[in-house]
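Structure at a glance
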Amino acid sequence: DAGITQSPRHKVTETGTPVTLRCHQTENHRYMYWYRQDPGHGLRLIHYSYGVKDTDKGEVSDGYSVSRSKTEDFLLTLESATSSQTSVYFCAISQRTGGEDGYTFGSGTRLTVV
Amino acid sequence: ILNVEQSPQSLHVQEGDSTNFTCSFPSSNFYALHWYRWETAKSPEALFVMTLNGDEKKKGRISATLNTKEGYSYLYIKGSQPEDSATYLCAIYNFNKFYFGSGTKLNVKP
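Residues numbered from 1 in each chain as written. Chains lettered and ligands numbered in written order. Predicted model: local features only at pLDDT ≥ 70, side-chain atom pairs only at ≥ 80, totals over all residues. Heavy atoms only, no water.

**Here we look at the sheet that holds strand 1 (residues 5–7) of chain B**
All names here are of chain B.
- Taking strand neighbours across the sheet as the criterion, the 5 strands line up as 1-3-8-7-6 in an open arrangement whose pairing is antiparallel. One side of each edge strand has no neighbouring strand; the edge strands of this open sheet are strand 1 and strand 6 (56–59). Between one strand and the next, the sheet's axes are offset by a mean angle of 15°, whatever the strand orientation.
- Bridging between strand 6 and strand 7 (residues 62–67) involves 4 bridges; their strand directions are antiparallel. Following the sheet pairing, Lys 59 is matched in strand 7 by Ile 62. (Pairing = 2+ DSSP bridges. Helix = DSSP H or I, 4+ residues; strand = E, 2+ residues; numbered from the N terminus. Axes fitted to C-alpha atoms, helices over the stretch in contact; angles between N-to-C directions.)

**Considering the pairing of strand 3 (residues 19–25) of chain A**
Residues and elements named next belong to chain A.
- With burial as the criterion, only one face of strand 3 is covered, namely that bearing Val 19, Leu 21, Cys 23 and Gln 25; the residues Thr 20, Arg 22 and His 24 on the opposite face remain uncovered.
- Examined bridge by bridge, strand 1 (residues 4–7) and strand 3 share 4 bridges and lie antiparallel to one another. Counted as the bridge partner of Gln 6 is Cys 23 from strand 3.
- Both strand 3 and strand 8 (residues 73–78) contribute to a ladder of 6 bridges, which runs antiparallel. Within strand 8, the residue paired with Val 19 across the bridge is Leu 78. (Buried < 20%, exposed > 50% of the residue type's maximum accessible area, 1.4 Å probe, protein only.)

These results come straight from atomic positions and should not be treated as a statement about function.
Written out as structure tokens, the structure is:
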């Protein structure tokens, strides 16, 4: 496979607790993305990164923060989890921006906030 | 936010049938369109990357066309097989981001 792993695969957490999801790649791709997938909404971009320490917001960034301290890791943090953040989270990577390359996706993290 | 619409939402066909579905998007500022195949319990897998008006791409029994002037792309599957059952996602690249449609869920009955 493409060398992208997400951890954990599943997590149940309580409302108000902080949660960090990790995306790790071994492809040395510059661009990394976090999406959430909800029924009826498809995939929606939360945040993305275009290099170490370079990140930007996507369309549903409220309540989320990210960090990228090294090329291979992109962390997504829910500072204080809410039930509306129950979702499946996908990380994706690409070598180039500009749409020339298809994304490679991780296997997803299913997060349940109770 | 860029609105990407896919239709139909779901589709049920018999094995051997040919089928097609649509991705519609705003035609202004188009840069690239991607089609992904997403099987249940797996992650999306890139099928096609299309950038030019009139582009046609083919992979086995699956093909896609692109019309950037009118803002749509068609995905065709010839002679559907049960293993084609999946959700097919369309994504439009614009302003450094991809915007995904909600997908067309295809179920091919043996």
